[in-house]
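Listed below are the residues making up each chain.
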Amino acid sequence: MRYVIVGGVAGGATAAARLRRIDEKAEIILFEKGQNISYANCGLPYYIGGVIKERENLFVQTPEKFGRLLNLDVRVQSEVLSIDRSDKQIRVREANGREYSEHYDKLLLSPGALPFVPPLPGVDSPGVFTLRNVEDTDAIKSYLDTHKVKRAIVVGGGFIGLEMAENLHARGIAVNVIEMAPQVMAPVDFSMATIVHAHLQEKGIGLYLGKAVKSIEKRGEVLTASLDSGEKIEAELILLSIGVRPNTKLAADAQLAIGPARGIRVNEYLQTSDPDIYAIGDAIEYPHPLTGKPWTNFLAGPANRQGRIVADNMHGQTLRSYEGAIGTAIAKIFDLTVAATGLPAKALKREGLPYESVTVQPNSHAGYYPNAYPLTLKITFHPESGMLYGAQCVGIEGVDKRIDSIAQIIKRKGGIADLMQTEQAYAPPFSSAKDPVALAGYVAD
Ligand code: FAD
């Protein structure tokens, strides 16, 4: 059996490793357009900011080591250009321009997502960047190292944009964040985002909310972003972090079904509309377990989980279905942690689903033990059944474990009663006898 995988980072590398574990004899070829495989996407902002000091620490595996260790044929700097489904062939181009075809029995697409770049005047000026991979990271870092960057603009106040704002600030750069929506961090409700707004301003980050960049102009070293409000902001570097789109070109060109959320459509076995081609990760759409509607979810955990599941399904001995993700996400924004899972109130409103919400503000651990910090936890739930829809949490300490435990309840379609029954490890430095998760349940009950 010959398995061919397109994309060698989160989903693709996981699937390759799992395939080897369950099939010792198979031929497995991994194609990656870039120079690296299996690297830490999520660590890139921290390398730029100097928190991660060594570039090599970004690489979980080198192509050579990964190939040797698992007996895989890893081909980097090899872009898959097209799929010929009738002959089960793919066309590949190497960095030196050489092109060739390769046969597959089963093909896996894990080509990720592409950063959205708005067609604005001046958007291609030197000093304007997007951040998606190691090549982008090297380009940003080298620009910072070779230019006098005193001011930066981050366009887009999502998780990656704000992580980058913090990391640019850590390099002594004055940062302005421009966000078209009235709030940063789209997965949380406005009331929660206001805590983040205040914190960003406290840290000296300029915030332009509800404003869009209309054009960029470069004169000498200075880039000027003109906003729709008429304001002009100057910087030496601009990072566009306005979101990503599923990378569907290969699939669409091969006439594989693309769904309404613009991702590659797959069934519960992560199989595309062609039974010999599978797809995973940022490139796919999948029904949201709570709304039933297809959605795209650009997170590393689901991509890794899907990589494991899809390998089993491609091998075919044990079929496993993918349960879908509810978008459990977290970010460190300076001293704050912001996390969310499931559906916030604004999404429920948009979906026309009846809901109620409760917000509690307990301490992160027992107030009588030093260094307890207030934590804001908001839950959304069905007004009659009490079924939980979502949770959002902002605070300095203990945010991650609260969101993680609520996420497990939501995934099991649990409700308020389950919040009250959660068992949390408690001693004064860690929590309270009445943990914030249980407290949210008591208030909602
Ligand atoms: P990727 O891991 O992006 O891999 C796709 C690979 O396919 C790429 O290397 C690409 O070069 C290759 N490729 C594409 N087309 C072709 C082709 N035609 N031929 C050959 N190769 C091709 N998620 C979290 O959950 N938490 C975080 O904290 C977090 N932080 C992030 C920070 C940054 C800066 C970025 C960019 C992403 C972050 N993510 C985070 C998202 C996470 O990295 C992705 O969800 C995950 O990597 C998706 O896995 P994937 O396999 O679908 O795509």
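An account of the accompanying structure is given in this report. (Residues numbered from 1 in each chain as written. Predicted model: local features only at pLDDT ≥ 70, side-chain atom pairs only at ≥ 80, totals over all residues. Heavy atoms only, no water.)

So, about the overall build of the protein chain. The helix and strand inventory of the protein chain stands at twelve helices and 26 strands. Taking 445 residues into account, the globule formula puts the C-alpha radius of gyration at 22 Å, and the protein chain, at 23 Å, falls close to it. In the protein chain, which comprises 445 residues, the share counted as buried stands at 53%. Taking contacts inside the protein chain between residues at least 6 apart in sequence as the whole, the part at least 24 apart equals 60%. If you sum the accessible surface of the protein chain, you get close to 19600 Å²; carbon and sulfur atoms cover 50% of it. Of the charged side chains in the protein chain, 48 are positive and 50 negative; the average position of the first set lies 1 Å away from that of the second. (Helix = DSSP H or I, 4+ residues; strand = E, 2+ residues; numbered from the N terminus. Rg over C-alpha atoms; globule rule 2.2 N^0.38 Å. Buried < 20%, exposed > 50% of the residue type's maximum accessible area, 1.4 Å probe, protein only. Contact = heavy atoms within 4.5 Å. Areas by Shrake-Rupley, 256 points an atom, 1.4 Å probe, with all protein chains shown as cover. Lys, Arg positive; Asp, Glu negative; His and termini not counted. Charge placed at Lys NZ, Arg CZ, Asp CG, Glu CD.)

For the rest of this paragraph, the subject is the sheet that holds strand 24 (residues 356-360). Strand order in this open sheet of five strands is 22-23-26-25-24, and the pairing throughout is antiparallel. Sheet topology places strand 22 (329-333) and strand 24 at the edges, where each strand pairs with a single neighbour. Across the sheet, the axes of successive neighbouring strands diverge by a mean angle of 10°, strand direction being ignored. Pairing of strand 22 with strand 23 (residues 336-342) involves five bridges; the strand directions are antiparallel. Each bridged residue has a counterpart across the sheet, and for isoleucine 330 the counterpart in strand 23 is alanine 339. Packing of helix 10 (residues 399-411) onto the sheet brings it into contact with strand 22, strand 23, strand 25 (375-381) and strand 26 (388-395), and relative to strand 26 it is tilted by some 175°. (Pairing = 2+ DSSP bridges. Axes fitted to C-alpha atoms, helices over the stretch in contact; angles between N-to-C directions.)

Counting 48 residues, the largest nonpolar core has Phe66, Ile83, Ile90, Leu107, Leu109 and Leu270 as its most contacted members. Sort the elements by how many residues they give to this core and helix 1 (residues 10-22) lands first, with five residues. Apart from the residues within four sequence positions on either side, isoleucine 90 is in contact with Val4, Phe31, Val80, Ser82, Ile83, Tyr100, Ser101, Glu102, Tyr104 and Leu107. Residues Ile48, Phe159, Val177 and Val184 belong to the second largest nonpolar core, which totals 43 residues. (Core = buried A, V, L, I, M, F, W, Y, C linked by side-chain atoms within 4.5 Å.)

Let us look at helix 6 (residues 190-202). In this model helix 6 runs 18 Å from its N-terminal to its C-terminal C-alpha over 13 residues, within 8% of the 18 Å that 1.5 Å per residue would give. Taken together, the buried positions of helix 6 are Met192, Ala193, Val196, His197, His199 and Leu200. Residues of helix 6 that are buried sit in contact with helix 5 (159-170), strand 12 (206-209), strand 22, strand 23, strand 25 and strand 26. In the segment just after helix 6, glycine 204 is the residue with positive phi, at about 90°. (Expected span 1.5 Å × (residues − 1).)

What follows concerns the sheet that holds strand 2 (residues 27-31). Taken in spatial order, the five strands make up an open sheet running 3-2-1-7-19, and their pairing is parallel. Bordering the open sheet on either side are strand 3 (73-75) and strand 19 (277-279), each of which pairs with just one other strand. Between one strand axis and the next, the sheet turns by 15° as a mean value, whatever way the strands run. Inspection of the sheet shows strand 1 (residues 2-6) paired to strand 2 by five bridges, in the parallel sense. For valine 4, the partnering residue across the bridge sits in strand 2 and is isoleucine 29. Contacts between helix 8 (residues 300-315) and the sheet are confined to strand 1, strand 7 (106-109) and strand 19, with strand 7 contributing the most and set at about 165° to the helix.

Before going further, it helps to examine the site of the ligand. Surrounding the ligand, one finds 28 residues, the nearest of these being Gly11, Glu32, Ser110, Asp282 and Ala300. The separation between an oxygen atom of the ligand and a polar main-chain atom of alanine 10 is 3.2 Å. Protein coverage of the free-state accessible area of the ligand, which is 1000 Å², stands at 89%. Secondary structure elements with two or more residues in the shell around the ligand: helix 1, strand 4 (78-84) and helix 8. In terms of residue count, strand 4 provides more of the shell around the ligand than any other element does, three residues in total. (Near = heavy atom within 4 Å. Polar contact = N/O pair within 3.5 Å; in protein donor to acceptor, adjacent residues only side chain to side chain.)

Glancing now at the side chain of glutamine 61. With respect to the helices, strands and loops of the structure, glutamine 61 is situated in the loop between helix 2 (44-49) and helix 3 (63-70). You can call glutamine 61 buried: its relative accessible area is 16%. In this structure, glutamine 61 is in contact with Ile37, Ser38, Phe66 and Leu69, ignoring residues within four places of it in sequence.

For the rest of this paragraph, the subject is a nonpolar patch on the surface. Residues Tyr368, Tyr369 and Tyr426 make up a contiguous nonpolar surface patch of about 370 Å² in total accessible area. Inspection of the secondary structure puts tyrosine 368 in the loop between strand 24 and strand 25. Its relative accessible area of 64% is what places tyrosine 368 among the exposed residues. (Patch = residues over 30% accessible without salt bridge, like charges linked within 9 Å, V, L, I, M, F, W, Y side chains within 5 Å. Salt bridge = Lys/Arg side-chain N within 4 Å of Asp/Glu carboxyl O.)

We now examine the packing of helix 1 against helix 8. Helix 8 packs onto helix 1 with a crossing angle of 40° between their chain directions and a minimal axis gap of 7 Å. On the basis of their axis angle, the class for helix 1 and helix 8 is oblique. Of the two possible hands of crossing, helix 1 and helix 8 adopt the one that is right-handed. In contact with Ala10, Gly11, Thr14, Ala15, Arg18, Leu19 and Ile22 of helix 1, helix 8 contributes Ala303, Asn304, Gly307, Arg308, Val310, Ala311, Asp312, Met314 and His315. Split by residue class, the contact of helix 1 with helix 8 holds eight nonpolar, five polar and three charged. (Parallel < 35°, antiparallel > 145°, perpendicular 65-115°, else oblique. Left-handed = near helix turned anticlockwise from the far one by under 90°. Nonpolar A, V, L, I, M, F, W, Y, C, P; charged D, E, K, R; others polar.)

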